[in-house]
Amino acid sequence: MRSWVRGQWIPFDTNALNQFLGHPLVLVEGQQCEYNQRRRQVSGFDEVAIAQLLCIPRKDFTRTAAGRRVRIMRTSMTTLTHIWMMLLCSNILPSEHNSDLPLPKCQLVYAILTQVSVHVAQLVSNDIYQFAGAAPMRHLIDLERSNRALGFPALITGLCQFYRVVVTPSKVI
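Source: prediction; values computed, not measured. (Residues numbered from 1 in each chain as written. Predicted model: local features only at pLDDT ≥ 70, side-chain atom pairs only at ≥ 80, totals over all residues. Heavy atoms only, no water.)

Chemist: Just to check I follow, could you spell out the overall build of the protein for this structure?
Modeler: Along the protein, the regular secondary structure elements total 7 helices and 5 strands. Listed N to C, the secondary structure of the protein is β-β-α-α-α-β-β-α-β-α-α-α in terms of helices and strands. Look at the contacts in the protein between residues 6 or more apart in sequence, and 56% of them connect residues 24 or more apart. For the protein, the accessible area works out to roughly 11200 Å², and carbon and sulfur atoms hold 55% of it. (Helix = DSSP H or I, 4+ residues; strand = E, 2+ residues; numbered from the N terminus. Contact = heavy atoms within 4.5 Å. Areas by Shrake-Rupley, 256 points an atom, 1.4 Å probe, with all protein chains shown as cover.)

Chemist: What should I look at first to understand the environment of A154 in this one?
Modeler: Following the sequence through the fold, A154 ends up in helix 7 (residues 153–162). Residues A154 and N91, spaced 63 residues apart in sequence, show a C-alpha to C-alpha distance of 9.7 Å.

Chemist: In this structure, what is going on with the pairing of strand 4 (residues 69–73)? I would like to understand it.
Modeler: Consecutive side chains of a regular strand alternate in pointing toward one face of the sheet and then the other. Inspection of the sheet shows strand 3 (residues 62–63) paired to strand 4 by 2 bridges, in the antiparallel sense. Bridge pairing links R63 to R69 in strand 4. Pairing of strand 4 with strand 5 (residues 100–102) involves 3 bridges; the strand directions are antiparallel. Bridging from a neighbouring strand, I72 pairs with L101 of strand 5. (Pairing = 2+ DSSP bridges.)

Chemist: Before we go on, may I ask you to explain the sheet that holds strand 5 in this structure?
Modeler: Hydrogen bonding along the main chain pairs the strands of a sheet, whether they run parallel or antiparallel. Spatial ordering of the open sheet is given by 3-4-5, a layout of 3 strands whose pairing is antiparallel. Each having just a single partner strand, strand 3 and strand 5 make up the two edges of the open sheet. Strands strand 4 and strand 5 of the sheet are contacted by helix 5 (residues 103–113), whose axis makes an angle of about 90° with strand 5. (Axes fitted to C-alpha atoms, helices over the stretch in contact; angles between N-to-C directions.)

Chemist: Got a minute to help me understand the packing of aromatic side chains in this structure?
Modeler: Two aromatic rings, taken as a pair, are described by how far apart their centres are and by the angle between their planes. Throughout the structure, instances matching the rule amount to 5 aromatic pairs. With a centroid separation of 6.0 Å and 55° between ring planes, the pair formed by Y35 and F45 is classed as tilted. Pair noted here: Y35 is in helix 2 (residues 34–40) and F45 is in the loop between helix 2 and helix 3 (47–54), with a separation of 10 residues, a long-range link. Assigned by exposure class, Y35 and F45 land together as buried. Their ring planes at 85° and their centres at 5.1 Å tell us that F162 and Y163 sit as a pair that is edge-to-face. Judged by relative accessible area, Y163 falls into the partly exposed class, the value being 21%. Here the aromatic residues F20, F162 and Y163 are joined through ring pairs into a cluster of three or more. (Phe/Tyr/Trp six-rings, centres within 6.5 Å; stacked < 30°, edge-to-face > 60°. Buried < 20%, exposed > 50% of the residue type's maximum accessible area, 1.4 Å probe, protein only.)

Chemist: Could you clarify how one ought to interpret the nonpolar core in this entry?
Modeler: One recurring pattern in soluble globular proteins: nonpolar side chains tend to sit buried together. Y35, I50, F61, I72, C106, L108 and V124 are the most contacted members of the largest nonpolar core, which totals 37 residues. Of all the elements in the fold, those that place two or more residues in this core are helix 3, helix 4 (79–92), helix 5, helix 6 (120–133) and helix 7. With 6 residues, helix 5 is the largest single contributor of residues to this core. (Core = buried A, V, L, I, M, F, W, Y, C linked by side-chain atoms within 4.5 Å.)

Chemist: Please explain the side chain of S125 as it appears in this structure.
Modeler: The residue S125 is located in helix 6 in this model. The contact partners of S125, leaving out residues within four places of it in the chain, are M1, F12, D13, T14 and L17.

Chemist: Any chance you could explain the packing of helix 4 against helix 5 here in plain terms?
Modeler: The N-to-C vectors of helix 4 and helix 5 enclose an angle of 115°; their axes lie 10 Å apart at closest approach. Judged on the interaxial angle alone, helix 5 and helix 4 are roughly perpendicular. The interaxial crossing formed by helix 4 with helix 5 has right-handed handedness. Between helix 4 and helix 5, the contacting residues are L80, W84, L88 and C89 on the first element and K105, L108, V109, I112 and L113 on the second. For the contact of helix 4 with helix 5, a count of residues per class yields 8 nonpolar, no polar and 1 charged. (Parallel < 35°, antiparallel > 145°, perpendicular 65-115°, else oblique. Left-handed = near helix turned anticlockwise from the far one by under 90°. Nonpolar A, V, L, I, M, F, W, Y, C, P; charged D, E, K, R; others polar.)

Here it is, written out as structure tokens:
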């Protein structure tokens, strides 16, 4: 979990992000935050409780034909859920698609609202890793340009500066 930037490796693993962010959550080696522990359990999150907290009265998740809960539509969210969705999709787990909240992000909002410990640096590190490893998508008209938005531009720029890479503010990333 590192990338080559202007002649040097820049780590973006959980430890590097924790160090950069000032160690917001300290875990011992091998320990996981409660959010990740619950996500890995079969009965980790109560989807009925999630719907009751995140949805306006008489609204619920949209479901598959088989009845499995998949997402909460924006029109079904409470104002607080909508605010957290916008924060998550803009700053913590960037997404270009903000009209609904898929089940995993519903679980994250529920964890935050119920004060379950969440290792944000790990979430961000994993998201950067997935973004960096994904095949580039080319712009339909200008094939020299990418069609994907860069996630975490301020965080990545800050990491580069933290590891002493010269960053020119006027130069486009």
